[in-house]
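Next come the chains, spelled out residue by residue.
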Amino acid sequence: MKFVVAVIKPSRLEEVRIALSAIGVAGLTATEVKGFGRQKGQTEIYRGAEYSINMVPKVRLEVAVADDIAPRVVEVIQQAARTGAIGDGKIFVLELQEAVRVRTNEHGDMAL
């Protein structure tokens, strides 16, 4: 199993969710986060004064998937989240040792 973690622009969340559902991903977790990378924050003007915001709002997606579908999940997230502008995000793929469905006690791929 793989654990796919993606950090994307909040405006792309719905497109990514729809695209993942279309390939059979049963669920995901989305969390509002803040961070910075190459964007180095942004500047905004509020009441005529310019302010520098060091942390940019993002959405962190977490998806647990079977090994065979993981490359497709990464591809779909990348395609749906891409705007072509700096700050589109990052995707990380980690080994997932175990998954357990609390209600039924199913383990491994069956728990996904």
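Within an unreviewed UniProt entry, the label attached to the chain reads Nitrogen regulatory protein P-II, and the organism entered is Altericroceibacterium indicum. Taken from UniProt, the Subunit (unreviewed entry) comment for the chain reads in full: "Homotrimer."

Trainee: So what exactly am I meant to see when it comes to the packing of helix H1 (residues 13-22) against helix H2 (residues 70-81) here?
Mentor: The relative placement of two packed helices comes down to the angle between their axes together with the axis-to-axis distance. Relative orientation of the contacting elements H1 and H2 amounts to 145°, with a least axis distance of 8 Å. Taken as a pair, H1 and H2 cross one another with a handedness that is right-handed. Here Glu-15, Val-16, Ala-19 and Leu-20 of H1 lie close against H2, whose contacting residues are Val-73, Val-76, Ile-77, Ala-80 and Ala-81. A class-by-class count of the residues in the contact of H1 with H2 yields 8 nonpolar, no polar and 1 charged.

Trainee: For this particular structure, what's the right way to read the pattern of salt bridges?
Mentor: When their charged atoms lie close together, side chains carrying opposite charge are able to pair. One pass over the structure, following the stated rule, counts 8 salt bridges. Its salt-bridge partner being Glu-95, residue Lys-2 comes within 2.3 Å of it at the nearest N-O pair. Of the two residues, Lys-2 is situated in strand S1 (residues 2-8) and Glu-95 in strand S6 (residues 89-95); the sequence distance between them amounts to 93 residues. The exposure class assigned to Lys-2 is buried, which follows from its relative accessible area of 17%.

Trainee: Which parts of the structure should I look at to understand the layout of surface pockets?
Mentor: Empty space among the atoms becomes visible once a probe the size of a water molecule is rolled across them. Quantified by volume, the largest pocket comes out at close to 320 Å³. Together, 15 residues line the largest pocket, and Phe-36, Gly-37, Arg-38, Gly-89 and Lys-90 are the ones closest to its centre. At the level of secondary structure, the elements contributing two or more residues to the lining of the largest pocket comprise strand S2 (29-35) and S6. Its residues assigned to classes, the lining of the largest pocket shows 5 nonpolar, 5 polar and 5 charged. For the lining of the second largest pocket, the element with the most residues is strand S5 (residues 56-65), which contributes 4 residues.

Trainee: Mind showing me how you'd approach the environment of Ala-111 here?
Mentor: As for its position among the elements, Ala-111 is in the segment after S6. For the pair Ala-111 and Val-100, spaced 11 residues apart in sequence, the C-alpha to C-alpha distance is 5.4 Å. Setting aside residues no more than four positions away along its own chain, Ala-111 makes contact with Ala-99, Val-100, Arg-101 and Glu-106.

Trainee: What am I meant to see in the sheet that holds S5 here?
Mentor: As a general point, the strands of a sheet are linked pairwise by backbone hydrogen bonds and lie either parallel or antiparallel. The strand order across the open sheet formed by 4 strands is S2-S5-S1-S6, and the pairing between neighbours is antiparallel. Edge strands, defined here as strands with exactly one partner in the open sheet, are S2 and S6. Averaged over all neighbouring strand pairs, the angle between strand axes comes to 20°, with direction disregarded. Alignment of S1 against S6, held across 7 bridges, turns out to be antiparallel. Across the sheet, Ile-8 pairs through a bridge with Gly-89, a residue of S6. Against the sheet, H1 engages S1, S2 and S5, with an angle of about 10° to S5. Contacting S1, S5 and S6, H2 runs over the sheet at an angle of about 5° to S1.

What counts and how
Residues numbered from 1 in each chain as written. Predicted model: local features only at pLDDT ≥ 70, side-chain atom pairs only at ≥ 80, totals over all residues. Heavy atoms only, no water. UniProt positions renumbered as here; feature names shortened; annotations may be inferred. Axes fitted to C-alpha atoms, helices over the stretch in contact; angles between N-to-C directions. Helix = DSSP H or I, 4+ residues; strand = E, 2+ residues; numbered from the N terminus. Left-handed = near helix turned anticlockwise from the far one by under 90°. Contact = heavy atoms within 4.5 Å. Nonpolar A, V, L, I, M, F, W, Y, C, P; charged D, E, K, R; others polar. Salt bridge = Lys/Arg side-chain N within 4 Å of Asp/Glu carboxyl O. Buried < 20%, exposed > 50% of the residue type's maximum accessible area, 1.4 Å probe, protein only. 1 Å grid on protein atoms, 1.4 Å probe; cavity = no way out; pocket = protein on both sides within 12 Å on 5 of 7 lines; lining within 4 Å. Points joined across faces, edges and corners; volume = space filled by probe spheres on them. Pairing = 2+ DSSP bridges.

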